[in-house]
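Descriptive structure summary
Here's the letter readout for the chains.
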Amino acid sequence: LRKFVSRALDKFEKLDSNQVKNIIQLLAGENELLEMVLDSMTEGLVVLDNQFNTQFVNKTAERLGVKTRERERLIWDELRDPDIRDYLKEKAESQESVRHKEFSIQSGSSVSILELNLLPLVREGSIEGSLLILEDITERRNHEARLRRAESLASLTTLAAGVAHEIKNPLGSMGIHIQLMQRALNRGTAERDFYDEHLQIVNEEIERLNGIIVDFLFAVRPMDTSLRKQDLNTVVRDTLEFIEPECESLSIEVQAKLKMDLPDILIDEKFIKQALLNLIKNAMAAMPQGGRLTISTELKGESVVLILEDNGIGIDEENMSKIFEPYFTTKEFGSGLGLTVVYKIIKEHNGEISLNSKAGKGTSFYVSFPVPIRDKKLIGWQGEEE
Ligand SMILES: Nc1ncnc2c1ncn2[C@@H]1O[C@H](COP(=O)(O)OP(=O)(O)O)[C@@H](O)[C@H]1O
Ligand SMILES: [Mg+2]
């Protein structure tokens, strides 16, 4: 259409009044269509010139907080909410864009959440004004909150059921041993050794209960991570140093293949160490006859990847989908929380975890961490240099 109009303008003198009328009608029709589309949008749109005078206000914008749809009004006088007005004014004066800024708006007894964007309107390289976009995201936010609540309730229920199941055995066992001691006391027959033995078992069960509660709390409590940019290899080396003597005594050969010069990633060291330990402990348990544990790191695309490979017993196909579930264990004295905790820690680091396993052959876990955005460019640049 633009081409058509500019061609018409070129030979404007030669057009008769009918042709001019046709062109104007065409343009008016086009304009009406555009306005209809803009008015039907769920976002509020306000077009502003360089002096922040309104050039166009769609219907939704009026509903969401602009007083009139009149043109050539200074926008600061037209915004109903004083907080939004002050905020936008400040940003506009310093020529900053605004992306996804949220405001709570009290209207009567209900609160709605408004998202606000202020973008420069650019034509042929120069700024011609700005575009203000308002969106009511109350429903979306409520929906997200409902989902989160449902999810955490569901996992809490699984966890609670798991805990109930877990504490049944130690409690039962303590009951039995206490009863035995009571009977012996009543008869007055037993030696001191007898009591020592039973008390020892009761103590162990208390330890077990305590462990279950500590693990449970760790699994349900929000994690208090403080992320710092750090080299993953250093954390891996420290952890390996800690675990190596134990591996040696179990005839497990540990091999580290750490890629040099990895970009730093955001890590909370104590949690990553714990996740690593849990994974290594599982690998050790999978190789009761000894074996080889390989830990490697590498840069893959825009992620730093950690791979933990063992040649142990592997995981049966039918268990593959369950291993991250709380309390799932195939071990006689397993807590079944190790991988639940690993998963939680990795997620807290915006990472991903996946695995590959074959029964009888071994298991590999892949953990990937995103490289912080500002460092990604550097990778690309270095790649080009080579
Ligand atoms: N490296 C591995 N090799 C074989 N099986 C594994 C490995 N890691 C995890 N598993 C399986 O996943 C289950 C759950 O692991 P985890 O959550 O750490 O609990 P736990 O170690 O207490 O059993 C284990 O019982 C085991 O069956
Ligand atoms: Mg474990």
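Residues numbered from 1 in each chain as written. Chains lettered and ligands numbered in written order. Predicted model: local features only at pLDDT ≥ 70, side-chain atom pairs only at ≥ 80, totals over all residues. Heavy atoms only, no water.

Summing up its helical and strand segments, the protein has 11 helices and 12 strands in all. Relative to its length of 386 residues, the protein is extended, with a C-alpha radius of gyration of 33 Å against a globular reference of 21 Å. Projecting the C-alpha coordinates of the protein onto the three principal axes gives extents of approximately 120 × 60 × 40 Å. Counting the 386 residues in the protein, one finds 35% classified as buried. Long-range contacts, defined as pairs at least 24 residues apart, comprise 55% of the intrachain contacts of the protein with a sequence gap of at least 6. Surface accessibility of the protein: about 24,700 Å² in total, with carbon and sulfur atoms responsible for 51%. (Helix = DSSP H or I, 4+ residues; strand = E, 2+ residues; numbered from the N terminus. Rg over C-alpha atoms; globule rule 2.2 N^0.38 Å. Buried < 20%, exposed > 50% of the residue type's maximum accessible area, 1.4 Å probe, protein only. Contact = heavy atoms within 4.5 Å. Areas by Shrake-Rupley, 256 points an atom, 1.4 Å probe, with all protein chains shown as cover.)

Pairing in this open sheet of five strands is antiparallel, and the strands run β2-β1-β5-β4-β3 from one edge to the other. The sheet is open, and its two borders are formed by β2 (54-57) and β3 (98-107), each paired with just one other strand. With direction set aside, neighbouring strand axes in the sheet form an average angle of 20°. Summarising the sheet, strand β1 (residues 44-49) and β2 pair through three bridges and their orientation is antiparallel. Bridge pairing links Val46 to Val57 in β2. (Pairing = 2+ DSSP bridges. Axes fitted to C-alpha atoms, helices over the stretch in contact; angles between N-to-C directions.)

Turning our eyes to something else, we now look at the sheet that holds strand β9 (residues 291-300). Spatial strand order, β7-β9-β10-β12-β11: five strands in an open sheet with mixed pairing. On the outer flanks of this sheet lie β7 (252-258) and β11 (352-358), each paired with one strand and no other. Across the sheet, the axes of successive neighbouring strands diverge by a mean angle of 15°, strand direction being ignored. Bridge count between β7 and β9: seven bridges; the pairing is parallel. Within β9, the position partnered with Glu253 by the bridge is Arg292. Sheet strands in contact with helix α9 (residues 269-285) are β7, β9, β10 (303-310) and β12 (362-370), and its direction is about 25° off that of β10. Here helix α10 (residues 338-348) sits on the sheet in contact with β11 and β12, set at roughly 140° to β11.

In terms of residue burial, β12 counts as a mostly covered element, since seven of its nine residues are buried. The pairing of β10 with β12 spans eight bridges and is antiparallel. Note on β12: the bridge partner recorded for Asp310 is Thr363. Bridge analysis of β11 against β12 gives seven bridges, and the strand direction is antiparallel. Considered in β12, the bridge of Ser357 is made with Thr363. Between the antiparallel neighbours β11 and β12 lie three residues, among them Gly360 with a positive phi of about 85°.

Once that is clear, we can look at the packing of helix α7 (residues 192-220) against α10. At a closest axis distance of 10 Å, the pairing of α7 and α10 adopts a crossing angle of 30°. By the criterion of interaxial angle, the relationship of α7 to α10 is roughly parallel. In terms of crossing hand, the pair formed by α7 and α10 is left-handed. Residues Phe218, Ala219 and Val220 of α7 form the contact with α10, whose participating residues are Val341, Lys344 and Ile345. (Parallel < 35°, antiparallel > 145°, perpendicular 65-115°, else oblique. Left-handed = near helix turned anticlockwise from the far one by under 90°.)

This part is about the confidence of the model for the protein. Taken over all residues, the pLDDT of the protein has a mean of 89, while the share at 70 or more is 96%. Below a pLDDT of 50 lies the segment residues 377-386, which in the model reaches three contacts outside its immediate sequence neighbourhood of four places, other chains included. (pLDDT = per-residue confidence, 0-100.)

Further remarks concern the nonpolar core. Grouped together as the largest cluster of nonpolar side chains are 38 residues, with contacts concentrated most on Leu232 and Leu308. Looking at this core, the elements with two or more residues in it are α8 (232-249), β7, β8 (265-267), α9, β9, β10, α10 and β12. In terms of residue count, the dominant contributor to this core is α9 (eight residues). Ignoring anything within four residues of it in the chain, the contact list for Leu232 reads Ile265, Ile267, Ile272, Thr297, Val304, Leu306 and Phe369. (Core = buried A, V, L, I, M, F, W, Y, C linked by side-chain atoms within 4.5 Å.)

To continue, consider the packing of aromatic side chains. Using the criterion set out here, one finds four aromatic pairs in the structure. With centroids separated by 5.5 Å and ring planes inclined at 70°, the aromatic side chains of Tyr87 and Phe103 adopt a geometry described as edge-to-face. Taken together, the residues Tyr87 in helix α5 (residues 82-93) and Phe103 in strand β3 connect sequence positions 16 residues apart. Taking the relative accessible area as the measure of exposure, Tyr87 reaches 22% and is therefore partly exposed. Ring centres of Phe324 and Tyr343 lie 5.6 Å apart, and the angle between their planes is 55°; on these two criteria the pair is classed as tilted. On the criterion of sequence distance, the pair formed by Phe324 in the loop between β10 and α10 and Tyr343 in helix α10 is long-range, its members being 19 residues apart. Exposure remark for Tyr343: the relative accessible area of 38% places this residue in the partly exposed category. Here Lys101 stacks its cationic end above the ring of Tyr87, 5.0 Å away from the centre of that ring. (Phe/Tyr/Trp six-rings, centres within 6.5 Å; stacked < 30°, edge-to-face > 60°. Lys NZ or Arg CZ within 6 Å of the ring centre and 35° of its normal.)

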